[in-house]
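What the coordinates show
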Amino acid sequence: MDIVGPFVKARTSLSAEYKEGPLKILNNGHTIQVNVPPGSKLRVDAKPYELLQFHFHRPSEEKIEGKPMSMVAHFVHKSKAGKLAVVGVLLKEGKDNEAINVLWDNIPAKEGPEVKLDKISFDPGKLIPSALTHYAYEGSLTTPPCTEGVNFYILKTPVDISKAQVAKFPFKMNARPVQPLNGRKIGAN
């Protein structure tokens, strides 16, 4: 999405309760994905969603007023009722990011199954800014099967990633093209 105003008032409140756990990382041939052990939650208006995984796109699949960021991390959550919620953390070129270093140092060189690194722990919360103000819209997953009815929350506060870290990501371009709004309203808080 190209996130441009005017916006409707988003009344959604978000809180993240992510926990550290063993690093489980995979190269699926399209992106680098980190699978998260049970216990990390996103609360959307106090309703819990379990964090399943997060993955990366280069450049960001979301633009803010026509401008993409260097990358985006999509945190995929699921409620007990099966509803999906994705939090997008925009990654802007800036300082070196220690959390990204941990992930990039352990990227599997080739496409394949999940690699579980029991001696390395990772806290997904290290990639989330402290402010959870966001843009909100309903969309679809950006990779097949492109499931619809997914609530997206794109955080307004970007997180730094260095130019060298962007260059180390093994996919030069793995972002879906910007999709039309098709009458959807974008909320902002």
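Report on the accompanying structure. (Residues numbered from 1 in each chain as written. Predicted model: local features only at pLDDT ≥ 70, side-chain atom pairs only at ≥ 80, totals over all residues. Heavy atoms only, no water.)

With that settled, consider the overall build of the chain. Counting secondary structure elements, the chain contains 2 helices and 16 strands. Here the C-alpha radius of gyration of the chain, 16 Å, is about what a compact globule of 189 residues would show, namely 16 Å. Looking at the chain as a whole, 48% of its 189 residues are labelled buried. Contacts in the chain between residues at least 24 apart in sequence constitute 66% of all its contacts with a sequence separation of at least 6. Summed over its atoms, the accessible surface of the chain is roughly 9400 Å², and 54% of this surface lies on carbon and sulfur atoms. (Helix = DSSP H or I, 4+ residues; strand = E, 2+ residues; numbered from the N terminus. Rg over C-alpha atoms; globule rule 2.2 N^0.38 Å. Buried < 20%, exposed > 50% of the residue type's maximum accessible area, 1.4 Å probe, protein only. Contact = heavy atoms within 4.5 Å. Areas by Shrake-Rupley, 256 points an atom, 1.4 Å probe, with all protein chains shown as cover.)

This part is about the side chain of Gln-53. Structurally, the position occupied by Gln-53 is in strand β7 (residues 47–57). There is a polar contact of 2.9 Å between the side chain of Gln-53 and the side chain of His-55. Each residue touching Gln-53, except ones within four places of it in the same chain, is listed here: Gln-33, Val-34, Asn-35, Val-36, His-74, Phe-75 and Val-76. (Polar contact = N/O pair within 3.5 Å; in protein donor to acceptor, adjacent residues only side chain to side chain.)

Along the polypeptide, Glu-50 turns up in strand β7. In this structure the side chain of Glu-50 is engaged in a polar contact, spanning 2.5 Å, whose partner is the backbone nitrogen of Gly-39. Not counting residues up to four positions away in its chain, the partners in contact with Glu-50 are Pro-37, Pro-38, Gly-39, Ser-40, Lys-41, Val-76, His-77 and Lys-78.

What follows concerns the sheet that holds strand β8 (residues 63–64). The 3 strands lie next to each other as β1-β8-β9, forming an open sheet whose pairing is mixed. Two strands lie at the open edges of the sheet, namely β1 (2–3) and β9 (67–68), each paired on one side alone. Judged from the 2 bridges that link them, β1 and β8 form a sheet pairing that is parallel. Directly across from Asp-2, in β8, lies its bridge partner Lys-63. (Pairing = 2+ DSSP bridges.)

Counted under the stated rule, the structure contains 10 aromatic pairs. Each ring, one from Phe-54 and one from Phe-75, has its centre 4.8 Å from the other, and the planes form 20°; the classification is stacked. One end of the pair, Phe-54, is in strand β7; the other, Phe-75, is in strand β10 (residues 71–78), with 21 residues separating them in the sequence. Both residues of the pair, Phe-54 and Phe-75, belong to the buried class. Their ring planes at 80° and their centres at 5.0 Å tell us that Phe-56 and Trp-104 sit as a pair that is edge-to-face. Of the two residues, Phe-56 sits in strand β7 while Trp-104 sits in helix α1 (residues 98–104), which places them 48 residues apart along the sequence. Using a relative accessible area of 0% as the deciding quantity, one classes Phe-56 as buried. A connected cluster of aromatic rings, assembled from ring pairs, spans Tyr-18, Phe-54, Phe-56, Phe-75, Trp-104, Phe-122, Phe-169 and Phe-171. (Phe/Tyr/Trp six-rings, centres within 6.5 Å; stacked < 30°, edge-to-face > 60°.)

So, about the nonpolar core. If you look at the biggest cluster of nonpolar residues, it comprises 36 residues, and the most contacted ones within it are Phe-54, Phe-56, Phe-75, Val-89, Leu-103 and Leu-127. The residues touching Val-89, leaving out its near neighbours within four places in the chain, are Met-71, Val-72, Ala-73, Phe-75, Leu-127, Ile-128, Pro-129, Leu-155 and Val-159. Listed in part, the 15 residues of the second largest apolar core include Leu-84, Val-86, Tyr-137 and Leu-141. (Core = buried A, V, L, I, M, F, W, Y, C linked by side-chain atoms within 4.5 Å.)

By the criterion of burial, strand β4 (residues 21–27) is predominantly enclosed, with 6 of the 7 residues buried. In the sheet, β4 pairs with strand β12 (residues 115–122) via 5 bridges, with the strands oriented antiparallel. Directly across from Ile-25, in β12, lies its bridge partner Val-115. Once β4 ends, the chain turns through 4 residues before running back antiparallel as strand β5 (residues 32–35), passing Gly-29 with a positive phi of about 90°.

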